[in-house]
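# Structural description and commentary
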Amino acid sequence: MWKCFLFGALSLGGSFAAQRPNVLFIAVDDLRCELGCYGIEGVVSPNLDRLAASGVAFSRAYCQQAVCNPSRVSVMTGLRPDTTKVWDLVTEFRTTVPDAVTIPQHFREHGYRALGFGKIFHNPFPDDVSWDEPHEWPEAKLWSPDARDQLAAFREKMRADGRSVAAIERMRALGTERVDYPEEEHTDFAIGQQAIDAMRELAKGDRPFFLAAGFVRPHLPFVVPGKYWDLYDPARIPLAKNAFLPRGAPAVAFGDRSMGGLYELRDYMDFSGVSSPFEGSLSESDQRELKHGYYASISFIDAQVGRLLDELESLGVADNTIVLLWSDHGWKLGEHNGWCKQTNYEIDTRAPLMIRAPGLKANGTPSDALVEFVDIYPTLCELASLPVPKDLEGRSLLPILEGKTRSIKDAVFSQFPRTHEGREFMGCAIRSDRHRYIEWRDLESGDLVERELYDHETDPDENENVVGIESNSTVVAELAKTLRRQFDPANWKAAKTQKKVTQNDRPRLTIVNNGRQALDVFWLPENGEPRKAGRVEAGESLSIKTTIGHRFAIKGRKSDFREVITVKTKKHMHTISAAPRPSASVQKMDRPNILVIMGDDWSWPHAGALGDPVVKTPAFDRIAREGVLFENAFVAAPSCTPSRHAVASGQEIWRLGEGGNLGGSLAAGIPVYPNILQEQGFHTGFSRKGAEPSEQSERGSDPFGPEFKTFAAFLAERPEKAPFCYWYGAGEP
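The following refers to the structure shown. For every chain, the first residue of the written sequence is number 1, and numbering continues from 1 onward in sequence order. Owing to the predicted nature of the model, reporting of local features is limited to residues with pLDDT of at least 70; listing and counting of side-chain atom pairs is limited to 80 or more, with chain, interface and lining totals taken over all residues. Hydrogens and water are ignored here; the side-chain numbers use all heavy atoms of the structure.

The strand order across the open sheet built from 6 strands is 2-11-8-1-6-4, with neighbouring strands paired in mixed fashion. A single partner strand is all that each edge strand has here, and the edge strands are strand 2 (56–58) and strand 4 (113–118). With direction set aside, neighbouring strand axes in the sheet form an average angle of 10°. Contacts between residues were defined by any pair of non-hydrogen atoms, one from each residue, lying within 4.5 Å. Each axis is a line fitted through C-alpha atoms, and for a helix only the stretch in contact is used; angles between axes span 0 to 180 degrees, taken between their N-to-C directions. Only DSSP runs of H or I covering at least 4 residues are called helices, and only runs of E covering at least 2 are called strands; the numbering of each starts at the N terminus. Packed onto the sheet, helix 13 (residues 376–383) meets strand 1 (22–28), strand 6 (209–215), strand 8 (321–327) and strand 11 (353–356) and runs at close to 175° relative to strand 8. Two strands qualify as a pair provided DSSP detects at least 2 bridges between them.

Following this line, the structure appears as structure tokens:
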């Protein structure tokens, strides 16, 4: 059935693309509703404003948890945090809901080509299985060299002052900086360029596309080119009018440990000494500097969004493309004496949501309907005429977009776990048309310990907790009843008992050096300079505690050897083999290069060279014509992983143990031809699909070698004069 669907989709060609709209899916990190289209004067956001004017801007859209990982997982899976069991920054959702089908996965299953760039999922967990090509951060800049020098000196002082190693490593450079290098070299510009380059290629195809671009700013640090700082006079930027904790609010609402998220600001050297919201406020100059940087960052990202919108128009595909823009949560800029995100309040849970779908009646009309980010998944499905998965927990916004109704729900929900005074709590919030009601419960017992109520009719900034006023008792009872139907404290036991990522159970990268020279290993953070992670001598190994998705560069100390790897499994093993010593009889250039092309689910006889009169395959036909065509070739197993393992190892699947099963790992001791070739001096690697869907838990790495995004990237890492063996594992047909 699956195979028939794919061939059917491909055979429709251009008509298939015409029936289904493209999707441009734009995520902006930490962006609150501080835009002209939301009524904020003085913010320069012309491109976001024009998107809002041409579509529907939702002014009351709420995330399900105001911090990156849980919010993004909720958006991308259509499930609430209590279902995904992702309430923190360190839980990878594939460990809690491994079979969840993400938005791009669902679109791929229905004929779309899906590519993602920048920050869509939380940084350490890009979820490559969601995309047609592996995620790759661009090579780009952030801080200036001067800022990095300042950081080095600051860390030395921390070390001299006896600060912990963890605190020193966590410290970052400036929280705000005006940089003067070319705009094109900035990380967020580079993300936009990745998306534009992909859009140009996707627009040429005969399949509809789902293209995701995730911008990092206005997340800290506020480091953007000078011309965006010049758009604003800091003396004219208004500061928060409610720079105080909500009156009558319980301390657990901010928490003595996270301080309502302010701890994040303290991780930047120029703000490392700021006061807790319980103790005092930032100086006026610091407040203006931060808000100036936030506004400059908004305008910088606005320019990148404009580039994407302009490219849609230039390519002639805007009229057949859904554009959806969202942010993972709001952000405090001094409100409630706080900074950053991570509370259950309006300022942190409310964030921009804009949807422009071709031809819909509501385009150009803003909406004040209560909506949730968990509604994004079913909305996109209905806009693209795809089936809506039954397990989704949101509701489609299509009736609002079609102008059939002004609202689809009476309340929205969010939550946030909190550690306070050594105890753990879960805060759950309901936002109705008029009120926000919050309950704080002990995470272990489920007992109610604190409550909050804010009346938006008289107190839109949530400055006074009025839960104790007798006249509010009826509304409190009604909201509490609805809240408790949504949240079950029994679900939170997983938050208490769920195994946390500690130093002992973090993912581990092991580098085995079978070469003849010592190697230096560097961690490549997404922003900033490479950091030395260790050295591994010839004949020895190095084990590094790390995070899935982190990238490392391995460099020779005596030669120009360099290799970049990405950690993909919890036990990732990477072996560096010695190049052979050249002999008089055999030189490297005497050996041919090897190119292996593996089609996926490609059945006989669907190629011109095989006699199919319909399917056009001129490149395959050329290979058959210039080489040898084997007309009676058979796979070792009609299943992805075992078939590919058999190719790599030259073994029948019954000899491969777990590696003979779909998704099974090939044992570390089984030799494979890429390793054998590597030992003989070949440069080896693959692109697209190796031995998937196996995570190679025993072997630690794909048997076809290190993964590269493209053939060009593979060749760029090729040592001079070395022959190569390259495996291209197509994900089609």
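In this section: the environment of Glu183. If you trace the backbone, Glu183 turns up in the loop between strand 5 (176–179) and helix 9 (187–204). A C-alpha to C-alpha distance of 31 Å links Glu183 and Phe58, two positions 125 residues apart in sequence. If we skip the residues at most four places from it in the chain, Glu183 touches Phe189, Pro225, Lys227, Tyr228, Phe300 and Gln304.

In this scheme, a residue with accessible area under 20% of its type's maximum is buried, one over 50% is exposed, and one in between is partly exposed, where area comes from a 1.4 Å probe on protein chains only. Of all 6 residues in strand 18 (residues 519–524), 5 are buried, a share of seventy percent or more. Relative to strand 19 (residues 531–536), strand 18 runs antiparallel, the two being bridged by 5 bridges. Following the sheet pairing, Phe522 is matched in strand 19 by Lys532. Pairing geometry for strand 18 and strand 21 (residues 551–556), over 6 bridges, is antiparallel. Paired with Leu524 across the bridge in strand 21 is Arg551.

Next up on the list: the pairing of strand 6. A large share of strand 6 lies buried, amounting to 7 of its 7 residues. Of the two faces of strand 6, the one lined by Phe209, Leu211, Ala213 and Phe215 and the one lined by Phe210, Ala212 and Gly214 are each fully buried. With 6 bridges connecting them, strand 1 and strand 6 associate as parallel partners. Looking at strand 6, one finds that Ala27 is bridged to Gly214. The pairing of strand 4 with strand 6 spans 6 bridges and is parallel. Along strand 6, the bridge assignment pairs Arg113 with Phe209.

Every patch collects residues that have over 30% relative accessible area and no salt bridge, joining them within 9 Å if they carry like charges and within 5 Å if they are nonpolar side chains (Val, Leu, Ile, Met, Phe, Trp, Tyr). Note on areas: Shrake-Rupley with a 1.4 Å probe; residue coverage comes only from the protein chains shown. Basic side-chain nitrogens of Lys or Arg form a salt bridge, by our definition, when they fall within 4 Å of a carboxyl oxygen of Asp or Glu. Where nonpolar side chains cluster on the molecular surface, the patch consists of Leu595, Ile597, Trp602, Phe620 and Ile623 and spans about 480 Å² of accessible area. Listing elements by their share of the nonpolar patch, those giving two or more residues are strand 24 (594–598) and helix 17 (618–626). Along the chain, Phe620 falls in helix 17. Classification of Phe620 as partly exposed rests on a relative accessible area of 36%.

Sheet architecture is open: 4 strands sit in the order 13-14-15-16, paired in antiparallel fashion. Each edge of the open sheet is held by one strand with a lone partner, namely strand 13 (411–420) and strand 16 (448–455). Strand-to-strand twist across the sheet, computed as the mean angle between neighbouring axes with direction ignored, equals 15°. Summarising the sheet, strand 13 and strand 14 (residues 423–432) pair through 10 bridges and their orientation is antiparallel. In the strand pairing of strand 14, Val412 is matched with Arg431. Sitting on the sheet, helix 15 (residues 473–486) touches strand 13, strand 14, strand 15 (435–442) and strand 16, and the angle it makes with strand 15 is about 60°.

Between helix 3 (residues 46–54) and helix 11 (residues 284–315), whose axes approach to 7 Å, the crossing angle comes to 50°. Classified by the angle between their axes, helix 3 and helix 11 sit oblique to one another. For the pair helix 3 and helix 11, the contacting residues are Pro46, Asn47, Leu48, Arg50 and Leu51 in the first and Asp302, Ala303, Val305, Gly306, Leu309 and Asp310 in the second. Working rule for angles: under 35 degrees goes down as roughly parallel, over 145 as roughly antiparallel, 65 to 115 as roughly perpendicular, anything else as oblique.

Right, let's talk about unusual backbone geometry for a bit. Between Arg217 and Pro218 the backbone carries a cis peptide bond, its omega angle lying at 10°. Locating Pro218 in the fold gives a position in the loop between strand 6 and strand 7 (222–225). Across the junction of Leu220 and Pro221, the peptide omega takes the value 0°, indicating a cis bond. Considering the arrangement of structural elements, one finds Pro221 in the loop between strand 6 and strand 7. Backbone geometry at Lys85 places phi at a positive 60°, although glycine is not the residue there. Structurally, the position occupied by Lys85 is in the loop between helix 5 (81–84) and helix 6 (103–109). Although it is not a glycine, Asp127 adopts a positive phi angle of roughly 55°. Structurally, Asp127 can be placed in the loop between strand 4 and helix 7 (145–160).

A separate point is the pattern of salt bridges. One pass over the structure, following the stated rule, counts 47 salt bridges. A salt bridge links Arg484 to Glu439; the nearest nitrogen and oxygen atoms lie 2.6 Å apart. You can see Arg484 sitting in helix 15 and its partner Glu439 sitting in strand 15, a full 45 residues away along the chain. Between Glu626 and Arg622 there is a salt bridge, and its shortest N-O distance comes to 3.1 Å. One end of the pair, Glu626, and the other, Arg622, are both in helix 17, 4 residues apart, so they sit about a helical turn from each other. Given the relative accessible area of 59%, Glu626 is considered exposed. Taken together, the salt bridges that share partners define one network made up of Asp520, Lys532, Arg535, Glu537 and Arg557.

For the rest of this paragraph, the subject is the nonpolar core. Judged by nonpolar contacts, the single largest core of 76 residues is most densely connected at Ile26, Leu211, Leu265, Leu308, Trp339 and Met354. By residue number, the principal contributor to this core is helix 11, which donates 12 residues. If we ignore the near neighbours within four places in the chain, the residues touching Leu211 are Val23, Leu24, Phe25, Leu115, Phe117, Ala195, Ala198, Met199 and Leu202. Of all hydrophobic cores here, the second largest spans 49 residues; its members include Phe121, Tyr377, Leu392 and Ile400. Only buried residues count toward a nonpolar core. Its members are Ala, Val, Leu, Ile, Met, Phe, Trp, Tyr and Cys residues joined through side-chain atoms within 4.5 Å.

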